[in-house]
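# Observations on the model geometry
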Amino acid sequence: MKKEKIYPTDEIKVKDEFFPYVKFENIPGGHSTIFDIPNKYDIQLNVYNLIPGISVIFSHANLKDHYNENDELLEYEHPEDNLLINFIIDGYCQLEVGSDKYIFVKKNDIHMYIKELYPYSFSYIGKVTIVHVIINKRQFEKKLRSYSLDLVEIINHLFDVCKKENNIVFKYPEKILEIIEEFKKLEFNKDTSNRVYYQLKTLETLLILYDLEIENEKINQRTYSDATIRVVRYIKNSLSRNIASYVSLETLSMSYGINLTTLKNCFRDMYGKPIYTWYKEYKFYRAKELIENTNYPISKIADMVGYKSSSKFSKAFKKEMGVLPSSYRKNKK
């Protein structure tokens, strides 16, 4: 049976070469486009076409390979007419802002741009969740008489800001954070309920952005070369695989040929926390996994995550988790 082509929106298509890896499903109020490319991409786009010209897409990605928009899965028929507002829910994305100059957007960041002006806007890897609000001016203007003049003014204003600024990154205002949290928690079972709910919340979000002095909210961020980013990513992966041994930041800096301050700054900007904070949290994350999923003695687990003394590990675990490792294991069984 021939697979029907259901595209994300009227103007955003799945590229033909990726179509064999796509599955389409209906969901309440919209449809889901699922990419399953072995050993590379696992991406689900939940699409809600709210009113002509305005769509919201919930993107959930678990990527084994680095996703770059130079090789993106979708194509835009009229990129000059598409304004994208990306709300980063989880994970991080890497933005190119100059020749071999990159910044990061991560949880609680908003990224706005017009597709034509910033065609290869971001790349990412690992688990990433993004809510995209996409405004297509071509489709919107076809139904112009159906909309209030106030909504037209809001849309025109957001396009004007993006044309002037080209590429904008800023933190969620508190009101938008509340809306995003509602997006994550609430879902209705009926088509109409979902569509109307997302219409209301999306329009509320656009209203907040309209009222915001976006130009003054822009984040001034440090930039990094692609080589530096690769080194920091490699260091993180190496630390993840070797949590039983202690390595100082100075040693890491010298071993990998990266400036110590650059290492600290780039790690924090990429992963949202200092390297030692991340490393400590990751040790306890692995410890919890081992306590829950193995029958290893607590003393062995302590050694596996870099504690030579099980008593020190138990004390540190209780400080972090509120209970001793033995009690944590009992509660999980």
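Here, the structure is the one placed above.
As the structure is a computational prediction, the values presented were derived from the model and not from experiment.

Regarding its fold elements, the chain presents 12 helices and 12 strands. Taken over the C-alpha atoms alone, the chain extends approximately 70 × 45 × 40 Å along its principal axes. A burial count over the chain gives 47% of its 333 residues as buried. A separation threshold of at least 6 residues defines the contact pool for the chain, and within that pool the share at least 24 residues apart is 67%. Charge separation in the chain, taken as the distance between the mean sites of 50 positive and 45 negative side-chain charges, equals 10 Å.

Taken N-terminus to C-terminus, the directions of helix α7 (residues 249-256) and helix α8 (residues 260-271) make an angle of 105 degrees; their axes are 9 Å apart at the nearest point. The orientation of α7 relative to α8 falls into the category roughly perpendicular. When α7 is examined against α8, the residues Leu 249, Glu 250, Leu 252 and Ser 253 are found in contact with a partner set consisting of Leu 260, Leu 263 and Lys 264. In terms of residue class, the contact of α7 with α8 is made up of four nonpolar, one polar and two charged.

Glancing now at unusual backbone geometry. Outside of glycine, negative phi angles account for most residues, and trans bonds account for most peptide bonds. Positive phi values are uncommon outside glycine, yet Asp 100 reaches one of about 55 degrees. The backbone of Asn 166 shows a phi angle near 75 degrees, a positive value even though the residue is not glycine.

What follows covers the environment of Val 169. Tracing the backbone shows Val 169 in strand β12 (residues 167-171). For Val 169, a relative accessible area of 5% corresponds to the buried category. Separated by 35 residues in the primary sequence, Val 169 and Glu 204 place their C-alpha atoms 20 Å from one another. For Val 169, the residues in contact, after removing those within four places along its chain, are Leu 95, Ile 103, Val 105, Asp 109, Ile 110, His 111, Glu 217, Lys 218, Ile 219 and Gln 221.

Counted according to the given criterion, the structure contains 13 salt bridges. Residues Asp 269 and Arg 222 are paired through a salt bridge, measuring 3.2 Å at the closest nitrogen-oxygen approach. Taken together, the residues Asp 269 in helix α8 and Arg 222 in the loop between α5 (214-217) and α6 (226-241) connect sequence positions 47 residues apart. Relative accessible area serves as the criterion here: at 14%, Asp 269 is assigned to the buried category.

As a packed pair, helix α2 (residues 149-165) and helix α4 (residues 191-211) sit with axes 10 Å apart at the nearest point and diverge in direction by 60 degrees. With respect to α4, the axis of α2 lies oblique. The way α2 lies across α4 gives a crossing that is left-handed. Contacts between α2 and α4 pair Leu 151, Glu 153, Ile 154, Ile 155, His 157 and Leu 158 from the former with Leu 203, Leu 206, Leu 207, Leu 209 and Tyr 210 from the latter. Tallied by class, residues from the contact of α2 with α4 come to nine nonpolar, one polar and one charged.

Glancing now at the side chain of Lys 283. Among the structural elements, Lys 283 can be located in helix α9 (residues 275-293). In terms of polar contacts, Lys 283 uses its side chain to reach the backbone carbonyl oxygen of Val 305, at 2.6 Å. Residues within four places of Lys 283 in sequence aside, it is in contact with Ile 243, Val 305 and Gly 306.

Okay, the nonpolar core next. Generally speaking, soluble globular proteins have nonpolar side chains that are buried together. Judged by nonpolar contacts, the single largest core of 40 residues is most densely connected at Ile 85, Phe 87, Ile 135 and Leu 158. Apart from the residues lying within four places of it in its own chain, the contact partners of Ile 135 are Gly 53, Ile 54, Asp 81, Asn 82, Leu 83, Ile 85, Ile 155, Leu 158, Phe 159 and Leu 206. Of all hydrophobic cores here, the second largest spans 32 residues; its members include Tyr 92, Tyr 102, Val 232 and Ile 235.

What follows concerns a negative patch on the surface. Judged by side-chain charge, Asp 10, Glu 17, Glu 75 and Glu 77 come together as a negatively charged surface patch. Position of Asp 10 among the secondary structure elements: in the segment before β1 (12-14).

Looking now at α6. The end-to-end C-alpha distance of α6 is 23 Å, a good match for the 22 Å that 16 residues give at a rise of 1.5 Å each. Listed in full, the buried residues belonging to α6 are Thr 228, Ile 229, Val 232, Arg 233, Ile 235, Lys 236, Ser 238, Leu 239 and Ser 240.

Turning our attention to the pairing of strand β9 (residues 101-106). Look at any regular strand and the pattern is simple: side chains alternate between the two faces of the sheet. β9 sits mainly inside the fold: five of its six residues count as buried. Relative to β9, strand β8 (residues 92-98) runs antiparallel, the two sharing six bridges. Directly across from Glu 96, in β9, lies its bridge partner Tyr 102.

Reading the values: rules and limits
- Residues numbered from 1 in each chain as written.
- Predicted model: local features only at pLDDT ≥ 70, side-chain atom pairs only at ≥ 80, totals over all residues.
- Heavy atoms only, no water.
- Helix = DSSP H or I, 4+ residues; strand = E, 2+ residues; numbered from the N terminus.
- Buried < 20%, exposed > 50% of the residue type's maximum accessible area, 1.4 Å probe, protein only.
- Contact = heavy atoms within 4.5 Å.
- Lys, Arg positive; Asp, Glu negative; His and termini not counted.
- Charge placed at Lys NZ, Arg CZ, Asp CG, Glu CD.
- Axes fitted to C-alpha atoms, helices over the stretch in contact; angles between N-to-C directions.
- Parallel < 35°, antiparallel > 145°, perpendicular 65-115°, else oblique.
- Nonpolar A, V, L, I, M, F, W, Y, C, P; charged D, E, K, R; others polar.
- Salt bridge = Lys/Arg side-chain N within 4 Å of Asp/Glu carboxyl O.
- Left-handed = near helix turned anticlockwise from the far one by under 90°.
- Polar contact = N/O pair within 3.5 Å; in protein donor to acceptor, adjacent residues only side chain to side chain.
- Core = buried A, V, L, I, M, F, W, Y, C linked by side-chain atoms within 4.5 Å.
- Patch = residues over 30% accessible without salt bridge, like charges linked within 9 Å, V, L, I, M, F, W, Y side chains within 5 Å.
- Areas by Shrake-Rupley, 256 points an atom, 1.4 Å probe, with all protein chains shown as cover.
- Expected span 1.5 Å × (residues − 1).
- Pairing = 2+ DSSP bridges.

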